[in-house]
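Here are the chains, one letter per residue:
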Amino acid sequence: MKELLARPGFLAPAGTVGADVSYLLALIFTILFLVAWRLAKRGQGTRHHNLILVSMVSMVLYFCGYYYARQLGVLSLESEEGFGGPVEVYNNVFIPILTTHLILVTLGLVMAIYMLFQGFRASEKNGGEYRLKEEPLNVRPKTFKMLYLIILGLWAVFVAMRFGSMGKVIAWTLIFATVAGVIGLEKLIERLLPNGARRHRVLGRATMIIYALVLATSTATYLMLYVIYPAG
Ligand code: HEM
């Protein structure tokens, strides 16, 4: 598999099959999300919901596969190996763009999962069509407590399973702390945007903008690595 991904690509002379496939998939997912935004704007709640679900699940699967099979960018983040341009461009342009890209991807994944749950909570199905409910949307204190207990329990299980490796324990602790932090943020979000429908529209638009920026930064990274400054 690794050999296949390392073969010469089809988009740019210096690209690899892995880089080209992952860039094309990133392009397709972003377009799917933007189409889902258009559907929502037109009031087609159910088609919006279906398309979001399909693209979200495929995007998460792709991320897992991508992370497992190759680490584009991660190599070039650690060292200049893989980047053929001048050191100043590497330090002042490439690294800031790549770091922004990685932050946006993480933020986009967290927001996608949050928005999925929020979408279900904020809408109701009426005559076969999903509609956002124009009313306050709050998580009950009892639900909050239960969510925290579940996270604590899962964290304990994961840490017990990875006990030999300190790096993995720290990584899982950070992941669970992020989830706990996002759930904690919900209280603040409820205060700032009490109406569930408005919350979905405001945070949904912010999420869509993040996806558009992810595409812009991945295009810039791809161009710099494989078209403008290929290694060697
Ligand atoms: C990653 C997840 C999601 C994102 C980023 C997202 C984003 C958005 C955005 C930006 C809008 C407002 C469009 C506009 O006026 O500009 C919207 C509307 C809406 N969303 Fe979502 N959404 C997500 C998931 C969901 C889910 C899971 C559901 C249903 C279960 C849902 C149901 C709706 C409905 C019913 C509307 C209103 C459409 C109308 O105005 O009639 N969304 N969404």
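Residues numbered from 1 in each chain as written. Predicted model: local features only at pLDDT ≥ 70, side-chain atom pairs only at ≥ 80, totals over all residues. Heavy atoms only, no water.

### Overview of the site of the ligand
Within the structure, the ligand sits among 23 residues, and Trp 37, His 48, His 200, Gly 204 and Arg 205 are positioned closest to it. At a separation of 2.8 Å, an oxygen atom of the ligand approaches a polar side-chain atom of Arg 205. Going through the elements one at a time, helix 2 (17–41), helix 3 (45–69), helix 5 (87–122), strand 2 (129–132) and helix 8 (196–228) are the ones with two or more residues in the shell around the ligand. With six residues, helix 8 is the largest single contributor of residues to the shell around the ligand. Looking at the shell around the ligand residue by residue, the classes come out as 10 nonpolar, nine polar and four charged. (Near = heavy atom within 4 Å. Polar contact = N/O pair within 3.5 Å; in protein donor to acceptor, adjacent residues only side chain to side chain. Helix = DSSP H or I, 4+ residues; strand = E, 2+ residues; numbered from the N terminus. Nonpolar A, V, L, I, M, F, W, Y, C, P; charged D, E, K, R; others polar.)

### Quick notes on the packing of helix 6 (residues 141–161) against helix 7 (residues 166–192)
Running from amino to carboxyl end, helix 6 crosses helix 7 at an angle of 175 degrees, the nearest separation of the two axes being 10 Å. One way to sum up the angle between helix 6 and helix 7 is to call them roughly antiparallel. Taken together, the residues of helix 7 that come into contact with helix 6 (itself represented by Phe 144, Leu 147, Tyr 148, Ile 151, Leu 154, Trp 155, Phe 158 and Val 159) are Val 169, Trp 172, Thr 173, Phe 176, Val 179, Ala 180, Ile 183, Gly 184, Glu 186 and Lys 187. Its residues assigned to classes, the contact of helix 6 with helix 7 shows 14 nonpolar, two polar and two charged. (Axes fitted to C-alpha atoms, helices over the stretch in contact; angles between N-to-C directions. Parallel < 35°, antiparallel > 145°, perpendicular 65-115°, else oblique. Contact = heavy atoms within 4.5 Å.)

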